[in-house]
Amino acid sequence: MTINVYTEQTPNPATMKFMVNKLLINGSEDFATKESAEKSPFAKELFKFNFVNGVFFASNFVTITKTDDADWSDIEAILKEFVKGAVESELKIKEVSEEAPAFEGTETEIKIQQILHDYVRPAVEQDGGAITYKSFDDGVVTVELRGSCSGCPSSTITLKSGIQNLLQRMVPEVKEVVSEAM
């Protein structure tokens, strides 16, 4: 199989999404620091580039966060070639599991998790990020935004105008959605 890699800009100017025509991982893995990448050969190799500041994997893409002093026009082709080679040589992200998501909690919590999984996750992944349900307490849903969404200027708008409005329409018990800092 020939591996093709193409890039997409994300709403976060510090991140770029590197898409491949192969499933990389079921779920997602976030490596916000070089130290956190120790158990991922793929992420560990990416962090060897001095301009890489974060690595996030989901389905068929890797979102890379660059350092402030790097310019995408200088590094995009280098990273694209690296990602292609890493995927072709089957460099491991981690062991892939085929498990379906297990939702836990009250009936309301399970409904919130299902909506986040079915409606919000695909949209957030399209922008190179991921969303994880953390808790539901007294009408407040807490989520964690990762990948491109972590530190993105438009993530607050996405959170309040998009996710909060959707959940309030579908689950009347939801009063607010907040993001937990990484």
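Residues numbered from 1 in each chain as written. Predicted model: local features only at pLDDT ≥ 70, side-chain atom pairs only at ≥ 80, totals over all residues. Heavy atoms only, no water.

A.B. asks: Any details on the packing of aromatic side chains? Residues and values, ideally.
C.D. replies: Here the structure, examined in full by the defined rule, presents 7 aromatic pairs. Pairing F42 with F82 gives two aromatic rings, centres 6.1 Å apart and planes at 75°, and the pair type is edge-to-face. Of this pair, F42 sits in helix α1 (residues 41-46) while F82 sits in helix α2 (residues 72-88), and the two are 40 residues apart along the sequence. You'll find F42 and F82 in the same group, each marked buried. Each ring, one from F56 and one from F61, has its centre 6.3 Å from the other, and the planes form 45°; the classification is tilted. Judged on exposure class, the residue F56 and its partner F61 are both buried. Taken together, the ring pairs in this structure connect F31, F42, F49, F51, F57 and F82 into an aromatic cluster. Over the face of the ring belonging to F61 we find K17, whose NZ or CZ atom lies 4.6 Å from the ring centre. (Phe/Tyr/Trp six-rings, centres within 6.5 Å; stacked < 30°, edge-to-face > 60°. Helix = DSSP H or I, 4+ residues; strand = E, 2+ residues; numbered from the N terminus. Buried < 20%, exposed > 50% of the residue type's maximum accessible area, 1.4 Å probe, protein only. Lys NZ or Arg CZ within 6 Å of the ring centre and 35° of its normal.)

A.B. asks: With reference to specific residues and values, describe the sheet that holds strand β7 (residues 140-147).
C.D. replies: Sheet architecture is open: 3 strands sit in the order β6-β7-β8, paired in mixed fashion. One side of each edge strand has no neighbouring strand; the edge strands of this open sheet are β6 (129-137) and β8 (176-179). Neighbour-to-neighbour, the strand axes of the sheet open up by a mean angle of 30°, direction not taken into account. Relative to β8, β7 is paired through 4 bridges, and the arrangement is parallel. Following the sheet pairing, T142 is matched in β8 by V178. On the sheet, helix α4 (residues 155-170) packs against β6, β7 and β8 and is oriented at approximately 145° with respect to β8. (Pairing = 2+ DSSP bridges. Axes fitted to C-alpha atoms, helices over the stretch in contact; angles between N-to-C directions. Contact = heavy atoms within 4.5 Å.)

A.B. asks: For the sheet that holds strand β2 (residues 15-20), give the residues involved together with the corresponding values.
C.D. replies: Across the sheet, 5 strands lie side by side as β1-β2-β5-β4-β3; this open sheet has antiparallel pairing. Each edge of the sheet is formed by a strand with only one pairing partner; in this case those strands are β1 (5-9) and β3 (25-31). The sheet shows a mean angle of 20° between the axes of neighbouring strands, direction not considered. Where strand β4 (residues 52-59) meets strand β5 (residues 61-66), 6 bridges bridge the pair, whose relative direction is antiparallel. Bridge pairing in β5 links V52 to K66. Along the sheet face, α2 touches β1, β2, β4 and β5 and points at about 35° away from the line of β2.

A.B. asks: Residue-level account of α2, with values.
C.D. replies: When the terminal C-alpha atoms of α2 are compared, their 23 Å separation across 17 residues agrees well with the 24 Å that a helix rising 1.5 Å per residue should span. Those residues of α2 lying buried are W72, I75, L79, F82, V83, A86 and V87. The buried side chains of α2 occupy one side of the element, clustering within an arc of 125° when seen end-on. Turned more than 90 degrees away from the buried face of α2 sit S73, A77 and E81, all of them exposed. (Expected span 1.5 Å × (residues − 1). Arc of directions from axis to C-beta.)

A.B. asks: Explain the pairing of β2 to me, and be specific about the residues and the numbers.
C.D. replies: Counting buried positions along β2 yields 6 of 6 residues, so the element is predominantly enclosed. The side-chain alternation of β2 yields two buried faces, one formed by T15, K17 and M19 and the other by M16, F18 and V20. Sheet topology places β1 next to β2; 5 bridges connect them, and they run antiparallel. Within β2, the residue paired with Q9 across the bridge is M16. Linkage of β1 to β2, two consecutive antiparallel strands, is achieved through a turn of 5 residues. As paired strands, β2 and β5 are joined by 5 bridges and run antiparallel to one another.

Remember, this is a structural readout, not a statement about activity or role.
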